[in-house]
Amino acid sequence: MCGIIGFTGYLNSADVLLQGLSELEYRGYDSAGIACFTENGVELIKEVGKVAALKAKVPSDFHSTCGIGHTRWATHGGVSEVNAHPHKFGKVTLIHNGIIENYHELEKELALTGRYPVSQTDTEIAAMLLDSLYEGDAHETIKKAVERLEGAYAFLIMFEDQPEVIYSIRKGSPLVACQSEQGSVIASDMVALLRFSKDYFVLPEYQIAKLTKTSITVTDLDGELVAPEILSVTWDTTAAQKNGFKHYMKKEIFEQPEAILRTISPRIHKNLCADGHEQLLPDFSADEIDDSVFTGVNRIIVTACGTAMHAGLMGKVLFERLLRIPVTVDIASEFRYQNPILDENTLVITVSQSGETADTLAALRLARTAGARTLSIVNVKGSSIARESDYVFYTHAGPEIAVASTKAYTAQLSAFYMIAFRFALVREKITKEECSEYMHLLLDTIPAIEEVLKQTENIKKISKRLVDSENLFFIGRGMDSALACEGSIKLKEITYIHSEAYAAGELKHGTLSLITEKVPVIALATQSDVLSKMVSNMKEVRARGAMVICVTTEDATIESNIYDEKIVIPTTADIFAPFAAAVVLQLIAYYTSVARGLDVDQPRNLAKSVTVE
Ligand code: AGP
């Protein structure tokens, strides 16, 4: 999952590329590079580290009006300048997002033509293949090359003898493009196009885009012209900026009330009752999600990765309580190789903030092939997962830049809750009145989150007690057990502290042996029906020396001698507690990472969208 951008037009391409790479850097930041047409032909500048390091290497008099740029998340080949993209071989210069799976076979074949790579990357092999096929016809060359390539790719290609022109083709990895008065731009995602246009198109798979200063033409592999659908973004550049916050993650944590409201409110149908009461019902007609999607379903499978999968864990508890239908939550990278049991009465829900996660996309394709109904919960309009699902429930969290997902998670929760309520209404598991009560409580999660956001100083102070930890546990029961998984990944990915999420009742069956005075425990106790059991579990871990941070509701009765710190959230019906409790855990992770002096928004080894398998 790298960030790639190409520009050809009337501006200094190095400036455009470096700015675009800064905006795409959250997609990968091991190394970066640009290649531009200059009076000396195609010139490359590459550097290990972040875009800022590359920027410092570009001479101030470096002038060009056409080029391609890449910020890398290393897959094949370590982090080094030679492995940084772009890769130039013969007449071909190439950048790539994805993985070429048969690059070894191709490398051997190309060696027979006297072509040998200097890097350890699969991308350079692709450049060598293109060069071996190129006789002046770019379209024919690309067509022949992709017939030989296996795996996922988004390529931006320049041919030495075609100055000011960029070619592109993709399979699996994302690419969007727009044409403007300043020139033609193509990139991994919209955030790098916004300065040029709010109107864009997704480059369809296996179709070749040719970018010149004044136009972008798209043709299929047979050379037939294609007119991709033009989409428009509803958010502006400030939505993708920090707006005064020190980190994107903190900004996005604070955006959650509005992100949830934007996701819920367009799907509320209001009826004013005779007694003046406002009846709120979930309404998906604007999403073109018909009630028939929910009839006849006898099994639900949620498949996703990471935080999106954790939202599915919460959805499972809710669906099974309200619908009494069996729900399984499968990690997408497992689901796709399990030969899952699916039929037309199975509803497969895929969840993805980016809509481009390779494993989740593959799981979706498998589900569709097997004849299951597919509904996706996605945050990026027009993304691959959205376009390939039978039905899409878009979250409206806005662009999420920090690698650690926060507002997308709570927006995904609100999607699951609304789907569960509509599903239960359609199957007459709840009445309209009960449904309306649930909808009112769902809206009440917004002020509850706002209350938590007023506690940042207290949470920051408590987080300081975790700064020197090496191991830590999150424990909970029921919905809190699902939430513990999310708290754990949030902490791990930005603080590098090893943590585990554990069903509280299961600890005593082995893992309790790991609890010592050096192992803090964050105990989630928001579910009143199991509160007394959670109190026992807190006593168990505290008796073994753990420092216990308890997250619970205002009116929960817990003796003060069984925890070291307590963070309270507004009391609500149990099933709605995860919204505010999730924000507490996000803030704990955030402040602990800041206290440890780490890169909160771009943690080591990670990237925002995992578009490789
Ligand atoms: C979450 O904080 C992580 N960045 C990661 O687990 C992420 O949720 C996962 O890669 C799924 O991404 P997606 O929602 O874009 O599919």
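Coordinates for the structure precede this section.
The following refers to the structure shown. (Residues numbered from 1 in each chain as written. Predicted model: local features only at pLDDT ≥ 70, side-chain atom pairs only at ≥ 80, totals over all residues. Heavy atoms only, no water.)

## Some details on the overall build of the protein
Of the regular secondary structure elements, the protein holds 18 helices and 27 strands. Compactness check: the protein gives a C-alpha radius of gyration of 25 Å against a globular reference of 25 Å for 613 residues, within 12% of the reference. Here the C-alpha coordinates of the protein stretch approximately 75 × 55 × 45 Å along the principal axes. Taking all contacts inside the protein whose residues are at least 6 apart in sequence as the whole, residues at least 24 apart take part in 72%. Of the accessible surface of the protein, which amounts to about 22,600 Å², a share of 50% is contributed by carbon and sulfur atoms. Side-chain charges in the protein split into 59 positive and 80 negative, and the spacing between the mean points of these groups amounts to 4 Å. (Helix = DSSP H or I, 4+ residues; strand = E, 2+ residues; numbered from the N terminus. Rg over C-alpha atoms; globule rule 2.2 N^0.38 Å. Contact = heavy atoms within 4.5 Å. Areas by Shrake-Rupley, 256 points an atom, 1.4 Å probe, with all protein chains shown as cover. Lys, Arg positive; Asp, Glu negative; His and termini not counted. Charge placed at Lys NZ, Arg CZ, Asp CG, Glu CD.)

## Topic: the layout of surface pockets
Looking at the largest pocket, its volume works out to about 810 Å³. In this structure, the largest pocket is lined by 45 residues; those nearest its centre are Trp235, Asn379, Val380, Lys381 and Pro399. Sorting the residues of the lining of the largest pocket by element identifies strand 11 (199–202), helix 7 (256–264) and helix 11 (384–388) as the ones contributing at least two each. Classifying every residue of the lining of the largest pocket gives 16 nonpolar, 14 polar and 15 charged. Here the second largest pocket is characterised by a volume of approximately 530 Å³. Around the second largest pocket, the lining is made up of 26 residues, and of these Cys305, Gly306, Thr307, Lys608 and Val610 lie nearest the centre. The set of elements that each furnish at least two residues to the lining of the second largest pocket consists of helix 8 (306–323), strand 20 (346–352), helix 10 (358–369) and helix 16 (479–495). In terms of residues, the lining of the second largest pocket owes the most to one element, helix 8, which gives three residues. Per-class residue counts for the lining of the second largest pocket are 11 nonpolar, 11 polar and four charged. (1 Å grid on protein atoms, 1.4 Å probe; cavity = no way out; pocket = protein on both sides within 12 Å on 5 of 7 lines; lining within 4 Å. Points joined across faces, edges and corners; volume = space filled by probe spheres on them. Nonpolar A, V, L, I, M, F, W, Y, C, P; charged D, E, K, R; others polar.)

## Comments concerning the site of the ligand
Near the ligand you find 15 residues, and of these Ser352, Gln353, Thr357, Val403 and Glu493 are the closest. Within the backbone of Thr307, an N or O atom sits 3.1 Å from an oxygen atom of the ligand. Gln353 places a polar main-chain atom, nitrogen or oxygen, 2.7 Å from an oxygen atom of the ligand. In isolation the ligand offers 410 Å² of accessible surface; the protein chains occlude 91% of this area. Structurally, the ligand is housed in the second largest pocket. If you list the elements that add at least two residues to the shell around the ligand, you get helix 8 and helix 16. Partitioning the shell around the ligand into residue classes produces six nonpolar, seven polar and two charged. (Near = heavy atom within 4 Å. Polar contact = N/O pair within 3.5 Å; in protein donor to acceptor, adjacent residues only side chain to side chain. Sits in = over half its atoms within 2 Å of the grid points.)

## Some details on helix 8
The α-helix winds at 3.6 residues per turn, so residues separated by three or four positions along the chain end up facing the same way. Along its 18 residues, helix 8 runs 25 Å from first to last C-alpha, staying within 8% of the 26 Å computed at 1.5 Å per residue. Across the 18 residues of helix 8, 13 count as buried, placing the element largely inside the fold. Within two residues after helix 8, Arg324 carries a phi angle of roughly 55°, on the positive side. (Expected span 1.5 Å × (residues − 1). Buried < 20%, exposed > 50% of the residue type's maximum accessible area, 1.4 Å probe, protein only.)

## Focus: the side chain of Glu356
Inspection of the secondary structure assignment puts Glu356 in the loop between strand 20 and helix 10. It is Arg387 that comes nearest to the buried, bridge-free Glu356 among opposite-charge side chains, at 5.0 Å. Among residues more than four places away in sequence, those in contact with Glu356 are Gly172, Pro174, Ser383, Ser384, Ile385, Ser609, Val610 and Thr611. (Salt bridge = Lys/Arg side-chain N within 4 Å of Asp/Glu carboxyl O.)

## Thoughts on the sheet that holds strand 5 (residues 87–89)
Strand order in the open sheet formed by seven strands is 5-6-7-8-12-13-14, with antiparallel pairing between adjacent strands. Only two strands of the sheet have a single partner each, and these edge strands are strand 5 and strand 14 (225–226). Alignment of strand 7 (residues 151–159) against strand 8 (residues 166–171), held across four bridges, turns out to be antiparallel. Bridge pairing in strand 8 places Ile157 opposite Tyr167. (Pairing = 2+ DSSP bridges.)

## Focus: the nonpolar core
Core analysis: the largest hydrophobic core is formed by 126 residues, its most contacted members being Ile34, Ile300, Ile349, Tyr417 and Ile522. Of the residues forming this core, the biggest block, 13 residues, is contributed by helix 18 (residues 577–595). For Ile522, the residues in contact, after removing those within four places along its chain, are Leu466, Leu472, Phe473, Phe474, Ile475, Ile549, Val551, Leu585 and Ile588. One finds Ile125, Ala127, Val165 and Ile208 within the second-largest nonpolar core, a separate group that totals 27 residues. (Core = buried A, V, L, I, M, F, W, Y, C linked by side-chain atoms within 4.5 Å.)

## Structural notes on the sheet that holds strand 21 (residues 373–378)
Sheet strands line up and pair through hydrogen bonds in the backbone, either parallel or antiparallel. With parallel pairing, the five strands of this open sheet are ordered in space as 19-18-20-21-22. Since the sheet does not close on itself, it has two edges, and those belong to strand 19 (327–331) and strand 22 (391–394), each with one partner. Within this sheet the neighbouring strands show an average axis-to-axis angle of 20°, counted without direction. Across six bridges, strand 20 lies against strand 21 in parallel orientation. Of the residues in strand 21, the one forming a bridge with Ile349 is Leu375. The strands touched by helix 10 are strand 18 (299–304), strand 20 and strand 21; relative to strand 20, the strand with the most contacts, the crossing angle is about 165°. (Axes fitted to C-alpha atoms, helices over the stretch in contact; angles between N-to-C directions.)

## Notes on the packing of helix 13 (residues 432–443) against helix 14 (residues 445–453)
Relative to each other, helix 13 and helix 14 sit at 25°, their axes nearing to 4 Å. Considering their axes alone, helix 13 and helix 14 lie roughly parallel with respect to each other. Side by side, helix 13 and helix 14 meet where Leu441, Leu442 and Leu443 of the first sit next to Thr445, Ile446 and Pro447 of the second. Partitioned by chemical class, the residues of the contact of helix 13 with helix 14 number five nonpolar, one polar and no charged. (Parallel < 35°, antiparallel > 145°, perpendicular 65-115°, else oblique.)

## Notes on the pairing of strand 9 (residues 176–180)
The element strand 9 is extensively covered by neighbouring structure, given that four of its five residues are classed as buried. Pairing analysis gives five bridges linking strand 9 to strand 10 (residues 183–187), with the strands arranged antiparallel. Residue pairing across strands places Cys178 opposite Val185, the latter belonging to strand 10. Hairpin connection from strand 9 to strand 10: two residues lie between these consecutive antiparallel strands. Pairing of strand 9 with strand 11, which is carried by two bridges, proceeds in the antiparallel orientation. What sits directly across from Ala177, in strand 11, is Phe201.

Interpretation in functional terms is not warranted from these geometric data alone.
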